[in-house]
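Okay, here's what each chain looks like letter by letter:
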Amino acid sequence: MSAEAYFTALAARFDGLVEPLNTLDAALGDGDHGTTMRRGLVKAAAAGSGLRAKAFMRASGGASGTLFGLILHEIEQHLDLGAPLADGLARAEARVCDLGQVAEGDKSMVDALAPAVRALAGRGSLAQAVTAAAAGREATRDLAARRGRAQYVEGGGVGQVDPGATSVVHLLETLADIGDAS
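Structure report, in brief. Given the structure is predicted, the values throughout are model-derived calculations rather than measurements.

**Side note on helix H5 (residues 62-81)**
Part 1: Between its first and last C-alpha, H5 extends 28 Å over 20 residues, near the 28 Å set by a 1.5 Å rise per residue.
Part 2: Taken as a whole, H5 has its buried residues at Gly 65, Leu 67, Phe 68, Gly 69, Leu 70, Ile 71, Leu 72, Glu 74, Ile 75, Glu 76, His 78 and Leu 79.
Part 3: Tucked inside the fold, the buried residues of H5 contact helix H1 (3-15), helix H3 (33-46), helix H4 (52-60), helix H6 (85-100), helix H7 (110-121) and helix H9 (163-177).
Part 4: After H5 finishes, the residue Gly 82 shows a positive phi value of roughly 75°.

See below:
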């Protein structure tokens, strides 16, 4: 599978997720997460080889554009160059935690990414990583946000699923859906 096929599939998938992600984000943030992700993914799908994650970052902008771009960069490296997915996602997780000043349990994208990284590091399959990420996403419902706009929502957004964690699950599901066996 190529990065081109992945980013094309991802853009198509997020086309149908704009409103659900915006709705999740409206409960915790500014309500534009789905729009931002789709805008970046459309540009990424149209970009040339090796430039897709950068195109995503430029088009989506903001902190989340950079943080999601780190994950997409590692997936792109995996697909285009055969770089190990487990190592790349672990590297992305470390950089997201550092740049975003966030840790697992803070109600963020890391709550889905970290379990997926652990599953892959334990020689789990991509399907197991997706399952772990989905469980992490669902666990954000019971967490109070300690970072980002959600920390200012009454109760820290307890009772709401984090939109960033939701998007991480979709990134990994799309990778699994289009046939990556790594």
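**Describing the side chain of Ser 108**
Part 1: Mapping Ser 108 onto the fold places it in the loop between H6 and H7.
Part 2: By relative accessible area, which is 11% here, Ser 108 ends up buried.
Part 3: Residue contacts for Ser 108: discarding those within four places in its chain leaves Val 102, Thr 140, Asp 162 and Ala 165.

**Regarding the packing of aromatic side chains**
Part 1: Overall, the coordinates contain one aromatic pair when judged by the stated rule.
Part 2: Here the aromatic rings of Tyr 6 and Phe 7 are separated by 5.3 Å at their centres, their planes lie at 80°, and the arrangement is edge-to-face. No difference in accessibility class separates Tyr 6 from Phe 7, as the two residues are buried.

**Things to note about the pattern of salt bridges**
Part 1: According to the stated counting rule, one finds eight salt bridges in the structure shown.
Part 2: In this structure, Asp 15 engages Arg 38 in a salt bridge whose closest nitrogen and oxygen atoms are separated by 2.3 Å. Of this pair, Asp 15 sits in helix H1 while Arg 38 is found in helix H3, placing the two residues 23 residues apart along the sequence.
Part 3: Connected via shared salt-bridge partners are Arg 13, Glu 173 and Asp 177.

About the cut-offs
Residues numbered from 1 in each chain as written. Predicted model: local features only at pLDDT ≥ 70, side-chain atom pairs only at ≥ 80, totals over all residues. Heavy atoms only, no water. Helix = DSSP H or I, 4+ residues; strand = E, 2+ residues; numbered from the N terminus. Expected span 1.5 Å × (residues − 1). Buried < 20%, exposed > 50% of the residue type's maximum accessible area, 1.4 Å probe, protein only. Contact = heavy atoms within 4.5 Å. Phe/Tyr/Trp six-rings, centres within 6.5 Å; stacked < 30°, edge-to-face > 60°. Salt bridge = Lys/Arg side-chain N within 4 Å of Asp/Glu carboxyl O.

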